[in-house]
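# Coordinates in review
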Amino acid sequence: QDSGLRLHYVTRGSPTAPLMLLLHGFPQNWFCWRHLMQELSSTFRVVALDLRGCGASEKPPGRDSYRLELLLGDVCQVIEALGTPPEAPRCVLVGHDWGGVLAWEVAASRPHLVEKLVIMDAPQRGVMADFITHHPSQLLRSSYMFLFQLPWLPELLLSLADFELVRTFLMGPWTGIRDPACRLTEQEMESYLFGLSQPGGLSPPIHYYRNLFRDTPIPREPPPPPTLLLWGSHDAFLDPRMAPALLRRLRPQSRLRLLPGASHWLPEEQPRPLAHLIGQFLGGAD
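Residues numbered from 1 in each chain as written. Predicted model: local features only at pLDDT ≥ 70, side-chain atom pairs only at ≥ 80, totals over all residues. Heavy atoms only, no water.

Now for the packing of aromatic side chains. Taken as a whole and assessed by the stated rule, the structure comprises 16 aromatic pairs. Judged by centre distance (5.7 Å) and plane angle (75°), the rings of Y144 and F148 are edge-to-face. Between the NZ or CZ atom of K116 and the centre of the ring of F281, over which it lies, the distance is 5.1 Å. (Phe/Tyr/Trp six-rings, centres within 6.5 Å; stacked < 30°, edge-to-face > 60°. Lys NZ or Arg CZ within 6 Å of the ring centre and 35° of its normal.)

One open sheet holds the seven strands; their spatial order is β1-β3-β2-β4-β5-β6-β7, and the pairing between them is mixed. Two strands close off the open sheet at either side, each with one partner strand: β1 (9–12) and β7 (255–259). Taken pair by pair, the neighbouring strands of this sheet meet at an average axis angle of 15°, ignoring direction. As defined by bridge partners, strand β2 (residues 19–23) adjoins strand β3 (residues 45–49) across five bridges and the pair is classed as parallel. (Pairing = 2+ DSSP bridges. Helix = DSSP H or I, 4+ residues; strand = E, 2+ residues; numbered from the N terminus. Axes fitted to C-alpha atoms, helices over the stretch in contact; angles between N-to-C directions.)

According to the stated counting rule, one finds 14 salt bridges in the structure shown. For R167, the salt bridge is made with D162, and the minimal N-O distance between the two is 3.0 Å. For R167, a relative accessible area of 11% puts it in the buried group. For D162, a relative accessible area of 49% gives the class partly exposed. Among the salt bridges present, the one from E190 reaches R167, with a minimum N-O distance of 3.5 Å. (Salt bridge = Lys/Arg side-chain N within 4 Å of Asp/Glu carboxyl O. Buried < 20%, exposed > 50% of the residue type's maximum accessible area, 1.4 Å probe, protein only.)

The values are spatial; any link to function lies outside them.
As structure tokens, this is what we get:
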């Protein structure tokens, strides 16, 4: 609406059911939610969004087009356009990785749009800085974020050898999906590489990181909506000890569930356990 951008999404479930909005992370797109969409669409109108600059959504040029306030504005306007009921649109907001970073901030700044919040392996900006101070090893896990601050070099490195580094993120023995039964096929991997391999396709998601340290105010209050934290115990990028640190900052009705043996890539590795935990949370069970 305000931006004039066309954002692509995929939906499953009754158009009149309550909205559940799914926000993906890097280097993925809506496709990472394909399994969970099947699990949750009997109760919700599940919408998996391609964030600005990702997948089939439009990709405006330049770093300034991916400032955090613009990304948050996109998510809020999608909820306002698709949320239920139309006269007071709301949703269950689910975010993984970068989608989780955005979901934290939407729920904190626009809580009237979010009925309940589900976060998978994603930090709050304020908690992340404090956690690194007390756990310097997180700097090593996050080293790619500092590489991404450089001009042009990250795009070059990620595209080398047919995107071998991106493949390693998602399929490597240490960083990738750990469950052999859930590892990506080459065809599934191509669902992510196709968009990234288009001219200029890598820069938009890397601009997310380049704008991460700008002066966008960090919300100081915990998000009001009830929150479910889901974390893989073998997340290679975000120390699982961050999850209890996040929980301590949340309101009493929030819950944390650590998934034993799971990697960072929960939506694809653990869809059925996730659907069960989300269903319990939304139903009010402890």
